[in-house]
Amino acid sequence: YRVFGSYQLTGDYPLASGQSAADAWQSWHGGFRLDHYADDATHATWQADATQTDLDHHVSDAYNLNTLGRCRWDLSDRSGVEIQAYYDRTHRDEITRARSSMDTFDLTAQHTFGLGERNDVIWGLGYRYINNQIVQNNALVNLLDRNFGLQLVSAFLQDEFKLIPDTLTFTLGTKLEHNDFTGWELQPSLRLMFKPAERHTLWAAISRAVRTPSEVEGLNLAAIPYGAPFVGPGGFSYVPTVVGNPNAKAEELWAYELGYRCQLASRINLDLAAFYNDYNRVLAVGPIAQFIPGAPGVAVIPFENYHSGNTFGGEAALTADLTESWRMTASYSLLVPSIRGVAGSDPETAEESAPRNQIQLRSSYSFSRDLTLDVQARYVDCIRYVPSYLTADVQLTYRVGANWEFSLAGRNLLDKQHPEHGIEPLATTAEVPRSFFGKVTCRF
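Residue indices begin from 1 for each chain and proceed along its sequence in written order. Only residues with pLDDT of at least 70 are given local features in this predicted model, and only at 80 or more are side-chain atom pairs given and counted; all residues enter the totals for whole chains, interfaces and linings. The side-chain figures draw on all heavy atoms in the structure; neither hydrogens nor water molecules are used.

> Got a minute to help me understand the overall build of the protein in this structure?
Working definition: helices are DSSP H or I runs of at least four residues, strands are E runs of at least two. Numbering for both runs from the N terminus. Helix and strand counts for the protein come out as two helices and 27 strands. Here the term buried applies to any residue with accessible area under 20% of the maximum for its type, exposed to any over 50%, and partly exposed to those in between, with areas from a 1.4 Å probe on protein chains only. A burial count over the protein gives 30% of its 444 residues as buried. Pairs of residues are marked as contacts when any of their non-hydrogen atoms sit within 4.5 Å. Summarising the internal contacts of the protein: among those between residues at least 6 apart in sequence, 51% fall at separations of at least 24. Accessible surface, the protein: about 25600 Å² in total, of which carbon and sulfur atoms supply 59%. Under the convention used here, a 1.4 Å probe and the Shrake-Rupley method define accessible areas, while residue burial counts only the protein chains that appear.

Right, here's the structure in full:
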């Protein structure tokens, strides 16, 4: 049985000179987890947690409550059944957007079993219902439906076939989903793993994934200003306005991956991975589709599947256990995008929304069984509106017996604060500050 809790504070209370209210927030978080083993073959879990957040210096607020129950029955060494139920309630009252409440109910079930000596099969079913309630508190944002529900039904099947036991494994699977925007969507995947020697593993994968339109993109958004008024047809003044599109299609991704893992020495491991992603029907806002005269008029800009393109890159990670007490990990990732779109849809924004280069260096040193020091340095390349940055994190952990754990941590230590996300139209983005915190964990 575990109980946990935390408190976070950022910004200054009261506000420091020159600091905006959007820079300050504080949050409480707590919860529990209960595990029960009726016998060796039955495991049940129940957990729940809650978060309360004060935003914009007491002007806005939010909270989240969620609980999850899961039960698993092992029928044999290669067979088992698992059922999981989940409920989440999220509420946000923001002065710059709206007051919204969202209730999510989710139920899944899956069954694994062996088919002959070489096939391991897993299949399952899922159902999710999301109920949304929105109250407008900003005249600039208009919605078509303030109370609406969404349903998602899914089923999946996967077969892992050992072509050559312990050497060559072939995995084929697919997921079938039905959503309220684009109907049925099929998402197949194929994976091959080859172990030519004990310390070497090669793998390759091809998969299709989709992202269905959100409530705003798909239909529910009636109007949100997207720029300053301008003079249009007939000499009238028009406000460029983004609206939802009921005919939007699901975004499509075909992903191709290749990887290699090896143990260079008894204490040194190397992981390499490369990928090529092909994107189609990516949703974006683009040119004006319609002019509606008024005082002022509305220049309609719908969400549409304007963009396509590809990304390629890779990752490399080297892990070395320098001694029994000291582990070092170095990693590098590369992402090169190429996005295309119609005139006026600004594909450059999508290309510049993710960093091209990222580097991480981690060190974990155990002074004893009870005392551990973890240090991490990160370099992140520039993105749109955000320069590149280098930062570091440190955490010291001390354990007292099997039940108590105390830790002190510092985050983003190399500068007072820095941005990590670009500023989109009508969005408020706060910089990530340097922070220090302590944590106490009790297990009983």
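> Help me out: how do you make sense of unusual backbone geometry in this one?
Negative phi characterises most residues that are not glycine, and trans characterises most peptide bonds. Residues Ala-295 and Pro-296 are joined by a peptide bond in cis, for which omega reads 0 degrees. You can see Pro-296 is positioned in the loop between strand S18 (290-292) and strand S19 (297-321). Located in the positive-phi region is Asn-412, a residue other than glycine, with phi close to 55 degrees. Position of Asn-412 relative to the elements: it lies in the loop between strand S24 (404-411) and strand S25 (417-418).

> So what exactly am I meant to see when it comes to the confidence of the model for the protein here?
Per-residue confidence from the predictor is reported as pLDDT, a score between 0 and 100. Model confidence for the protein is summarised by a mean pLDDT of 87, while 89% of its residues fall at 70 or above. Segment residues 11-23: pLDDT under 50, and 24 contacts once partners within four positions in sequence are set aside and those in other chains are kept.

> Just to check I follow, could you spell out the pairing of strand S20 (residues 326-340) for this structure?
Within a regular beta strand, the side chains point alternately toward one face of the sheet and then the other, so they alternate between its two faces. Two strands qualify as a pair provided that DSSP identifies no fewer than 2 bridges between them. Judged from the 14 bridges that link them, S19 and S20 form a sheet pairing that is antiparallel. Across the sheet, residue Asn-310 finds its bridge partner in S20, namely Ser-338. In this antiparallel pair of consecutive strands, S19 and S20, the connection spans four residues. Taken together, the nine bridges between S20 and strand S21 (residues 357-366) define a ladder with antiparallel strand orientation. Residue pairing for S21: Tyr-332 is matched across the bridge by Ile-359.

> Mind showing me how you'd approach the pattern of salt bridges here?
Opposite charge on two side chains permits them to pair, given that their charged atoms come into close proximity. The working definition used for a salt bridge is a side-chain nitrogen of Lys or Arg within 4 Å of a carboxyl oxygen of Asp or Glu. In the structure shown here, the tally under the stated rule is 19 salt bridges. Note that Asp-120 and Lys-162 form a salt bridge whose closest N and O atoms lie 2.7 Å from each other. Of this pair, Asp-120 sits in strand S7 (residues 119-136) while Lys-162 sits in strand S9 (residues 147-164), and the two are 42 residues apart along the sequence. For Lys-162, a relative accessible area of 23% gives the class partly exposed. Among the ionic pairs, Asp-321 bridges to Arg-327, the shortest N-O distance being 2.6 Å.

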